[in-house]
Amino acid sequence: MRILYLSLSYVPSRRASSVQVMRMCAALARAGHQVRLCAKQSQEPAPDGDHAFYGVPPSFSLHKLPRPRRRGGGIVFSAAMAAQIVRHHRSTDLVFCRDLLGAVMADQARLPVLFEAHSLPASPLLRRLWRSLVSSPRLRRLVVISEALRRDVEAAGLLPRYGSVVVAHDAAEAPAQVTLRLSLIHI
């Protein structure tokens, strides 16, 4: 399967989210998928390369998108992500997102989406975007990182209309969770 993985993480970075994303992409590639990761360009150096920085093989492609620190930097990043979705539209079987906006953009591009949620939407705009995504037949799975979050999503009326909800606890070094996440791809 050809997977476009969209992340808000900076690469390289020592943050847990960045480590988890890189290891997840490596695990997906190890499982035989063709993975293209789009993440934010970091200012942190990686003298031996980004894959070596994380201790993962260069088994997936990495596209670092600009996210200027100035006002409006988020818009620049979102536009770059949208351009990646358009550029790889025909060569993508599934978009795996940890980013709600990226998931909505992929859905609007009529691509199948797996959305990994780490919290409830924090603003009315984000709730509207979430409702749009969970109403789409292109949402294949909603992955939540805890049973408590699943209950919160249900209580907020934000469960998917078509796709299923799966709890996959987030951890950077949990082989069982990587296996569970990999099993989510087979839709």
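These numbers come from a predicted model, not from an experiment. (Residues numbered from 1 in each chain as written. Predicted model: local features only at pLDDT ≥ 70, side-chain atom pairs only at ≥ 80, totals over all residues. Heavy atoms only, no water.)

Novice: So what exactly am I meant to see when it comes to helix H4 (residues 100-108) here?
Specialist: Because each turn of an α-helix spans 3.6 residues, side chains separated by three or four positions in sequence point in the same direction. The buried count for H4 comes to 7 of 9 residues, which makes it a mostly enclosed element. Three or more residues of H4 are buried, namely Leu100, Gly102, Ala103, Val104, Met105, Ala106 and Asp107. Where H4 is buried, its residues touch strand S1 (2-11), helix H3 (73-87), strand S4 (94-97), strand S5 (113-117) and helix H5 (124-134). Two or three places before Leu101, at the opening of H4, Asp99 has a side-chain oxygen 3.3 Å from that residue's backbone nitrogen. Immediately downstream of H4, the backbone of Arg110 shows phi near 70°, a positive value. (Buried < 20%, exposed > 50% of the residue type's maximum accessible area, 1.4 Å probe, protein only. Helix = DSSP H or I, 4+ residues; strand = E, 2+ residues; numbered from the N terminus. Contact = heavy atoms within 4.5 Å. Polar contact = N/O pair within 3.5 Å; in protein donor to acceptor, adjacent residues only side chain to side chain.)

Novice: How should I be thinking about the side chain of Ser9 in this particular structure?
Specialist: In this fold, Ser9 is placed in strand S1. Setting aside residues no more than four positions away along its own chain, Ser9 makes contact with Ser17, Ser18, Val21, Ala39 and Lys40.

Novice: Could you clarify how one ought to interpret the state of the cysteines in this entry?
Specialist: Evaluated as defined, the whole model comprises 0 disulfides. Looking at the unpaired Cys38, the closest cysteine sulfur is the one in Cys25, lying at 9.5 Å. Residue Cys97 stays outside any disulfide, its sulfur separated by 9.7 Å from that of Cys38, the closest cysteine. (Disulfide = S-S within 2.5 Å.)

Novice: What should I look at first to understand the packing of aromatic side chains in this one?
Specialist: Each aromatic ring pair is described using two quantities: the centre-to-centre distance and the angle formed by the ring planes. If you walk through the whole model with that rule in mind, you get 3 aromatic pairs. Consider the rings of Tyr5 and Phe96, whose centres lie 4.6 Å apart with planes at 10°: the pair is stacked. With Tyr5 in strand S1 and Phe96 in strand S4, this residue pair connects regions lying 91 residues apart in the sequence. The pair formed by Tyr5 and Phe96 is uniform in burial state, with each residue classed as buried. Arranged with centres 5.5 Å apart and planes meeting at 85°, the rings of Phe115 and Trp130 form a pair that is edge-to-face. Within this pair, whereas Phe115 is found in strand S5, its partner Trp130 is found in helix H5, the two being separated by 15 residues in sequence. We classify Trp130 as buried; its relative accessible area is 1%. Lying over the aromatic face of Tyr10, Arg69 brings its terminal NZ or CZ to 6.0 Å of the ring centre. (Phe/Tyr/Trp six-rings, centres within 6.5 Å; stacked < 30°, edge-to-face > 60°. Lys NZ or Arg CZ within 6 Å of the ring centre and 35° of its normal.)

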